[in-house]
Amino acid sequence: MGSSLPRRGRAALGAILAATLAAAGALAFAPAAGAAVSGRNLPADGKIRFFMGQDSTTLAEYKSAVLDTDATAPRPGGVTLYTNIVFPDALAGVNSGVDYGSGLVDFNATLGQYPGAALAVGLYLSDTKTGCYNQPLRAIAGTGDADVVTLTPQYRAKVDELITWFKNTGREVFLRIGYEFDGPWNCYSAGFYKQAFRYIKGRIDALGASKVATVWQSAAWPLNEHTDHPEWNYVVTAANHYDVWYPGDDVVDWVGMSAFYGSTYAAYQWSCRGVDTSPRALQDRVLTFARGHGKPVMIAESSPQGFTTGTRTASCILNKAPQSVTADQIWNTWYADFFGYIAANADVIRAVAYINTHWDAQTMWQCSGSAGTAGCANGYWGDSRIQADPTIKSRFLTELRHARYVNGTGTYSPPPTPSTGPSPSAQPSPSTQPSPSASPTASPSPSPSGGTGGNPYGQLQAESANALNQASIVSDAAASGGAKVRANTGGASLTFTNLNLGSPAPTQIKLRYSSQRPTNSAFTIEVRSGSATGPVLASPGVLGTGSWTTYQDLTYNLSNAPTGTTTIVIVFRSNDSSPVADLDYVTFVGTGGSATNPPPSPSTSPTAGPSASPSPSPTTTPGTGRRLMLAGQSTAGSYQDMDSVVDTPDGGSVYYEVKSGTWVNTNHRDYATQLAQRGQVIQVGVSWKDNPPGFTGGDENTKAARSRAVTQELANGQHAAQFTNLINFIKAYPAATFQLRIDYEVSSFYHCTDASCASYKNAFARIRQLIAGQVGNNVRYQYHPVRGEYEQLYPGDAVTDWIGVSIFAHELCMPIHDNGYLYNGTPPANYDVTTSQCRNAYLAKDAYGNDTAVWKSWDHDGNVLKMMKFAKDHGKPMIVSESGMMNFTADGSDTSGLEPVAGDRWMQRLSSLLAYNGPIPNQSGTYDLSNVIKAVVYINLDFRYGWDGIADGTFDFPVNSTWFADGRLTRYTAARSTFCTMLATRDFHSRC
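Cut-offs and rules
Residues numbered from 1 in each chain as written. Predicted model: local features only at pLDDT ≥ 70, side-chain atom pairs only at ≥ 80, totals over all residues. Heavy atoms only, no water. Helix = DSSP H or I, 4+ residues; strand = E, 2+ residues; numbered from the N terminus. Buried < 20%, exposed > 50% of the residue type's maximum accessible area, 1.4 Å probe, protein only. Contact = heavy atoms within 4.5 Å. Axes fitted to C-alpha atoms, helices over the stretch in contact; angles between N-to-C directions. Parallel < 35°, antiparallel > 145°, perpendicular 65-115°, else oblique. Nonpolar A, V, L, I, M, F, W, Y, C, P; charged D, E, K, R; others polar. UniProt positions renumbered as here; feature names shortened; annotations may be inferred. Polar contact = N/O pair within 3.5 Å; in protein donor to acceptor, adjacent residues only side chain to side chain. Pairing = 2+ DSSP bridges. Phe/Tyr/Trp six-rings, centres within 6.5 Å; stacked < 30°, edge-to-face > 60°. Lys NZ or Arg CZ within 6 Å of the ring centre and 35° of its normal. Disulfide = S-S within 2.5 Å. Salt bridge = Lys/Arg side-chain N within 4 Å of Asp/Glu carboxyl O. Expected span 1.5 Å × (residues − 1). Arc of directions from axis to C-beta. pLDDT = per-residue confidence, 0-100.

A. Broad picture of the overall build of the protein chain. On a plain count of helices and strands, the protein chain comes out with 19 helices and 41 strands. Looking at the protein chain as a whole, 57% of its 992 residues qualify as buried. Taking as baseline every contact in the protein chain between residues at least 6 positions apart, the subset at least 24 positions apart corresponds to 75%.

B. How the structure looks around the packing of helix α11 (residues 636-643) against helix α12 (residues 666-677). Relative to each other, α11 and α12 sit at 50°, their axes nearing to 9 Å. Here α12 runs oblique to α11, going by the angle between their axes. Residue-level inspection shows Ala636, Ser638 and Tyr639 of α11 in contact with α12, the latter providing Tyr671, Gln674 and Leu675. Looking at the contact of α11 with α12, its residues break down into four nonpolar, two polar and no charged.

C. Local environment of the UniProt feature "active site" (unreviewed entry) in the protein chain. The UniProt record marks Glu180 and Glu301 with the feature "active site" (unreviewed entry), using the residue numbering of this structure. Taken together, the annotated residues stretch across 122 residues yet fold into one region, lying no more than 9.6 Å apart by C-alpha. Since its relative accessible area comes to 0%, Glu180 is described here as buried. Mapped onto the fold, Glu301 is located in strand β7 (residues 297-302). A distance of 2.9 Å separates a polar atom in the side chain of Glu301 from a polar atom in the side chain of Gln217.

D. Fine view of the sheet that holds strand β37 (residues 851-858). Pairing is antiparallel across the open sheet formed by three strands, whose spatial order is β35-β36-β37. Edge positions in the sheet fall to β35 (831-832) and β37, since each of these pairs with one other strand and no more.

E. Up close: the packing of aromatic side chains. Taken as a whole and judged by the stated rule, the model has 63 aromatic pairs. Seen from their ring centres, Tyr655 and Tyr744 are 5.2 Å apart, and the 75° between their planes marks the pair as edge-to-face. In this pair, Tyr655 sits in strand β27 (residues 651-657) while Tyr744 sits in the loop between β30 (737-742) and α15 (748-751), placing the two residues 89 residues apart along the sequence. Counting every residue linked through ring pairs, the aromatic cluster contains Phe181, Tyr188, Tyr193, Phe197, Trp216, Tyr234, Tyr242, Trp245, Tyr246 and Phe289. In this arrangement the basic side chain of Arg486 is found over the ring face of Trp548, its NZ or CZ atom lying 3.7 Å from the centre. Against the face of Tyr750 rests Lys689, its NZ or CZ located 5.5 Å from the ring centre.

F. Main features of the sheet that holds strand β1 (residues 49-53). Strands sit in the order β1-β2-β3-β4-β5-β6-β7-β11 around a closed barrel of eight strands; the barrel is parallel. Taken over all neighbouring pairs, the strand axes of this sheet differ in orientation by 30° on average, direction set aside. Pairing geometry for strand β6 (residues 254-259) and β7, over five bridges, is parallel. Considered in β7, the bridge of Gly256 is made with Met298. Where helix α5 (residues 152-169) meets the sheet, it contacts β2 (78-84), β3 (118-124), β4 (173-177) and β5 (212-218), and its direction lies at approximately 170° from that of β3.

G. A look at the pairing of strand β23 (residues 547-557). Across the eleven residues that make up β23, a large majority, eight, are buried. Relative to β23, strand β19 (residues 508-515) is paired through eight bridges, and the arrangement is antiparallel. Looking across to β23, one finds that Lys510 is bridged to Thr555.

H. Up close: the state of the cysteines. If you walk through the whole model with that rule in mind, you get six disulfides. The disulfide that involves Cys132 links it to Cys187, with 2.3 Å between the sulfurs. Between Cys132 and Cys187, the S-S torsion sits near 50°, and that sign places the bridge as right-handed. Here Cys187 lies in the loop between β4 and α6 (190-206) and Cys132 lies in the loop between β3 and α4 (135-141), a separation of 55 residues in the sequence.

I. Seen up close, the environment of Cys838. Of note, Cys838 is situated in strand β36 (residues 837-845). Taking relative accessible area as the criterion, Cys838 reaches 7% and is therefore assigned buried.

J. The pattern of salt bridges, seen in detail. Taken as a whole, this structure holds 43 salt bridges when the rule is applied. Across the pair Arg198 and Asp250 runs a salt bridge, and its minimum N-O distance is 2.7 Å. One end of the pair, Arg198, is in helix α6; the other, Asp250, is in the loop between α7 (241-245) and β6, and 52 residues separate them in sequence. One network of salt bridges, with partners in common, ties together Asp942, Arg944, Asp966, Arg968 and Arg971.

K. Summary view of α12. End to end, α12 covers 16 Å across twelve residues, agreeing with the expected 16 Å (1.5 Å per residue, within 8%). Of the residues making up α12, those classed as buried are His668, Tyr671, Ala672, Thr673, Gln674, Leu675, Ala676 and Gln677. The N-capping residue of α12, defined by a side-chain oxygen 2.9 Å from the backbone nitrogen of Asn667, is Asn665. At the exit of α12 stands Gly679, carrying a positive phi of roughly 70°.

L. Broad picture of the pairing of β27. Extensive coverage of β27 is indicated by the burial of seven of its seven residues. Where burial is concerned, the two faces of β27 agree: the one with Gly651, Ser653, Tyr655 and Glu657 and the one with Gly652, Val654 and Tyr656 are both buried. Sheet topology note: the strand β26 (residues 628-632)/β27 ladder contains two bridges and is parallel. Bridge assignment links Leu630 to a residue of β27, and that residue is Gly651. Of the pairings in the sheet, the one linking β27 to strand β29 (residues 681-687) comprises seven bridges and is parallel in character. Residue pairing for β29: Gly651 is matched across the bridge by Val681. Of the pairings in the sheet, the one linking β27 to strand β28 (residues 662-663) comprises two bridges and is antiparallel in character.

M. Representation of helix α2 (residues 56-67) within the structure. Turning to α2, its buried residues number three or more, namely Ser56, Thr58, Leu59, Tyr62, Val66 and Leu67. Looking straight down α2, one finds that the buried residues subtend no more than 160° of arc, so they occupy a single side. Where α2 is buried, its residues contact β1, β2, α3 (107-113) and α10 (390-400).

N. Unusual backbone geometry, seen in detail. Omega for the bond connecting Gly53 with Gln54 falls within 30 degrees of zero, at 15°, which places this linkage in the cis form. Within the element layout of this structure, Gln54 appears in the loop between β1 and α2. In this chain, Ser503 is followed by Pro504 through a cis amide linkage whose omega measures 5°. Unusually for a residue other than glycine, Asp743 sits at a positive phi of about 60°. By the secondary structure assignment, Asp743 is in the loop between β30 and α15. Asp743 gets classed as buried once you look at its relative accessible area, which sits at 0%. Unusually for a residue other than glycine, Ser836 sits at a positive phi of about 55°. Here Ser836 is to be found in the loop between β35 and β36.

O. How the structure looks around the environment of Val79. Looking at the secondary structure, you find Val79 in strand β2. A relative accessible area of 0% places Val79 in the buried class. Residues Val79 and Thr110, spaced 31 residues apart in sequence, show a C-alpha to C-alpha distance of 8.2 Å. The residues contacting Val79, other than those within four sequence positions of it, are Phe51, Met52, Leu59, Thr110, Leu111, Tyr114, Ala117, Ala118, Leu119 and Ala120.

P. Broad picture of the confidence of the model for the protein chain. Residues of the protein chain with pLDDT of at least 70 account for 87%, and the chain-wide mean is 83. For the stretch residues 1-35, pLDDT sits under 50, and the model shows 129 contacts to residues farther than four places along the chain or on other chains. Scored below 50 in pLDDT, residues 409-452 makes 94 contacts in the model with residues more than four places away or belonging to other chains.

Q. Up close: the environment of Gly590. Take Gly590: it is sitting in the loop between β25 (581-589) and β26. Gly590 sits in the partly exposed class, given a relative accessible area of 29%. Gly590 sits 83 residues away from Thr507 along the chain, and the two C-alpha atoms are 5.5 Å apart. In contact with Gly590, not counting residues within four places along its chain, are Tyr457, Pro506 and Thr507.

Below you can see the structure in the form of structure tokens.
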């Protein structure tokens, strides 16, 4: 292509696509291997760096349309651009802008718009337009051929110039040398390519460019090309394909690949012709190769080719014929598969680049007709801009907020303000009408007292900074310490010295700020280490709050934060000289805080909070030992609503029916698939009691009798075929974790054929044996009884991994109403209607050492507390398998289903249950149960419309009946705030 800068050029695409072979089937995600990877610029703490690309025009539009309009949108961890070393236009775009029909490329402009971002560079080295003689490769390699002898010094000088330019940026650079080396459109020779690659790597090291990493990127093109010339090495199915092209472990830092199609390739993108190997199978081969060489993988180019997000169409990429689709179809076909593959292989995929481009608007990529013809030289691409569709944009940004990504979190939560009441767990909302005394004064306070360091994992008050530059201290009674620091102009900074960040490095930073700038006015807060020009750890784009006394809390992921004692500088960037913002305090988040022994959060006592230590058994406790929050149930809508409140739920809950041998309906299947593709936790209620096999009708007693009979049949080994679909689904997603409830809310009425309940115990063991013998170790088996029969039906320690419990109304001593009838769940004498508390006694000692009954009001049902003690005694973690709001308040005229007061009380009691430490009804002593419950499924649905919560215009339950309630978190203020406080103070993995 000479001097042009295309991502790929397929002038000879018609010839390349001549042979048509049968399509291979799409493969499931490859299981992640345990081998560690290493390489230059590898993100810390197992994170993934996400890049956006691929030209300056596109990146400027992304900044203005997404980042500048949505302060919660995570900034990319890097940006992607292209240049070349092909004369006469070598290094085009580096020193000045250039546009060859694929968007402007201007390195300086883009890096100025994305401060602190890493840089991925596609280095084009092909001479396809002048005959495919590999002259650039041979000149760089110094082969001594007659036609390159005089060119070698010129080419090598450009290599040094480019590397030096990269070095001087101070940024992490990912140099994709001769990207898509095995794409036949580049005409590279494997031998010359490897020689040039090795030379460039040698110059990187010789020039001391220690932040420049080499990327060896395969096209992962699923067709065998030039099969009549296998020596050209374009037959991708050849067993030695990658070995032939590999330059060597000593010069390759990263293995790269393109990923424009995945397991769903045949639905639209390749629907008009076959492939020689499925794209996913080829991608799996790249990952396997990388794991074998201990190298991290960069998905260096990705985009939903053939789709248009703006007009919502899909087409085969080789023959433009768009058909209308929905945003959900686009997301589920391409994006869900894409992000799921990343999550499933996060052990090796550590960098991802997405091309956010309106391809049809760029002349190089425009297409009419068939690929390879004059009107469609490079195939059909479409429009991949996420901002072109609100659904795609929202879901895409939600994915980037996941903690697995560098700079992956940019969520806001309402800031806490001084409490006005005695409530121990709920944070009051911020004051919208501050008192006159809360107004800040503009007069500066005394200079900060420096030199003491401070606790970075506590509230590091801005006014305690060791040095201020173009900033001043301002008094404000609404600030946490009575004062704050104002950045008086763009470029103002605060410096904290002698901060001990401990080890490992912190992963996030929290900042509380205010700004009188309008709420649509954007600026940037940079967090740097060492100095005001040191490495950027985070650079969130934020918006004004409209007032100096209106505060926002910002949480942002850190990139490559240092360990040990260091200096941190907070810099405010804006495009004018007006005051930018006030900073109240900063707090670092991470486990390295043990180095400074931070005090406990003021909202919970040291003894009440859960321990963060992991469970002794790796088969019962996930990952880090932190609590999991799952979005229940049945549909992806519950997840999406919760996802708008928290950074990312850890999974969800669905149901599988033994009678039909499949999911209860397609909503359950689709939700399970979404979660599985993301490698998340999936609780599956494997049920027969609601619809037993062989039950043809009758009353509840008839159904229960059939359920008991089926339980015995399952114990005998019958109905094994009904689990086939479930087993196959689990096998297809080895990166996901499955919590199988062997029926749910099991009881003697539905599951026991005699007093011993051997029927259920044996059925549990038999089902576990059936499934465990065919799947991997990503399945946990859960015993979920009704709360009063947990001992009677217990299958035993040997087969039980988790114990589940349902938490609705009575479990938290809350009343429910059913058409005016109040039911408290306990005898009237044992319930306090005024406080909505249970009344019960526990055993204590009197003055003479004798047992005596002490009556007490309780927020938690005694059977739940006893069940928690039972689980602890048996060494089993518990999961709140189902929890949600009900109709707590009698008001038949209110059709909203909302519980603004009782809902907040319910949420407070759920939170306190997780940290329970105290007596148990009818027992003596006190019990620390604060680390028993390790996961919670909150049913985040509008129950007014039935168990699936899908609004179809007609209520499924009568108004003022038990289940007429809307439990969606987004519909609440106080309850949602309490929910967020619970996540933070009870050590959940997900946070608001």
